[in-house]
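If you want the building blocks of each chain, they are given just below.
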Amino acid sequence: MSVLPKKNTLGFYEIRLESIGGLGANLAGKMLAEAGVLGLGLNGCNFSSYGSEKKGSPVKSFIRFCDPDVEIRDHSPIEHPHVIGVFHDGLYKMVDVAKGLQDEGILLINSVKQPAQIQQELQISGCTIAVIDALSIALEEKTKVNTAMLGALFRTCSFLNPEDMRKVIRQTFEKKYPHLVEPNIRTFDRGYNEVVFKHYHKETSEVLNIKTAAGHPQLGYQTQPIGGIITAYGNTILKDMSGSRQGFIPSFDQETCINCAACDNVCPDDCFVWIEGEDKRGRKNMFLQGIDYQFCKGCLKCVEACPTGSLTDLREIGNVATEKSVKKRIDSYKGGLVT
Ligand code: SF4
Ligand code: SF4
């Protein structure tokens, strides 16, 4: 008898992970597939799609499971998954992360929000929303987000055996980094135990089902925005890079800043906003005013470079970046502020 709880018409149970580079979704996909194939004797495959940048660009990882007597001949991206794992809740502002989710499927999200809030924001129904605060767990245990997400994904895919994953964690770390075995197992177990599930019945309203219903490309030659507008995140129209950041922004304290510009020297995206002024002796100087977060990809190189601790990393929750942002004048930029 099959251990898979559901299958599509080709006999597959399918999982899609939505993430950004740097959060480990690619590796998590491999580990999930291995747990099903090596641990349970299923047939399975995993592959990913990602961009050219190591950090911050969108990543999708796909996992297919089927019974051992079924051949895997379909290697196309998964458009109608039974489970979707979203590694970063900033993603769904710009990417339709729930797209194609099967009826009564499970949407797992790394977030500090409650399932009801996510359901309202995504406008979906006829599915289960699972939420895990994987970033907080990883910070507390000094490990990685993907291990906590794997714990939650194992609970979500209840046919997988969590003991298989604990074995993989032991094998991965015990030779070279034995001190990392216990924190990683704790992280995995916390992901497994702390994930919360809330089911939402299918709404009769078309609007609430529209996000999961579509499986076709959003934009084509008939539907693309006029003027070649790029609607994906990180562009100058939306001015929102939160989907590219990994949950942290640099926070600036002007009181302790000595205006040495070490931060600006290492920033790859020219985020720092300066204004010309006079120092205490009346000499002309440039003074740092803050950070324009519309360009900031959250690499935190500036925090490492700052000699005075005026820049610290801050957990990005809600609209904190928008509230703290100091806007640059881009049209004739000379370091001035928008007036
Ligand atoms: S984190 Fe700092 S260095 Fe990195 S892009 Fe943002 S402002 Fe620039
Ligand atoms: S590196 Fe630190 S002290 Fe120097 S200008 Fe930047 S924020 Fe100020």
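Residues numbered from 1 in each chain as written. Chains lettered and ligands numbered in written order. Predicted model: local features only at pLDDT ≥ 70, side-chain atom pairs only at ≥ 80, totals over all residues. Heavy atoms only, no water.

J.: Kindly report on the site of ligand 1, identifying the contributing residues and their values.
T.: Looking at ligand 1, the residues that line it are Pro250, Cys267, Pro268, Asp269, Cys271, Phe272, Cys296, Lys297, Gly298, Cys299, Leu300 and Cys302. Of the residues contributing to the shell around ligand 1, the split by class is 9 nonpolar, 1 polar and 2 charged. (Near = heavy atom within 4 Å. Nonpolar A, V, L, I, M, F, W, Y, C, P; charged D, E, K, R; others polar.)

J.: Account for the site of ligand 2, naming residues and giving values.
T.: Inspection of the region around ligand 2 gives 15 residues, with Cys257, Cys260, Ala261, Cys263 and Cys306 positioned closest. Here the residues of the shell around ligand 2 sort into 12 nonpolar, 3 polar and no charged.

J.: Give me helix α2 (residues 115–122): which residues, what numbers.
T.: Helical periodicity: at 3.6 residues per turn, an α-helix aligns residues three or four positions apart in one direction. Looking only at α2, the buried set comprises Pro115, Ile118, Gln119 and Leu122. With its buried residues spanning 100 degrees around the axis, α2 presents them on a single face. (Buried < 20%, exposed > 50% of the residue type's maximum accessible area, 1.4 Å probe, protein only. Helix = DSSP H or I, 4+ residues; strand = E, 2+ residues; numbered from the N terminus. Arc of directions from axis to C-beta.)

J.: Hey, could you go over the pairing of strand β4 (residues 83–86) for me, with residue numbers and the actual values?
T.: Side chains of β4 alternate between two faces, with Val83 and Gly85 and Ile84 and Val86 buried alike. Bridge count between strand β1 (residues 13–20) and β4: 4 bridges; the pairing is parallel. Paired with Leu17 across the two strands is Gly85, which belongs to β4. Pairing geometry for β4 and strand β5 (residues 106–110), over 4 bridges, is parallel. Across the sheet, residue Val86 finds its bridge partner in β5, namely Ile109. (Pairing = 2+ DSSP bridges.)

J.: Could you give an account of helix α4 (residues 145–156), with specific residues and numbers?
T.: With 12 residues, α4 should cover 16 Å at 1.5 Å per step; its first-to-last C-alpha distance of 16 Å lies within 8% of that length. Listed in full, the buried residues belonging to α4 are Val145, Asn146, Thr147, Ala148, Met149, Leu150, Gly151, Ala152, Leu153, Phe154 and Thr156. (Expected span 1.5 Å × (residues − 1).)

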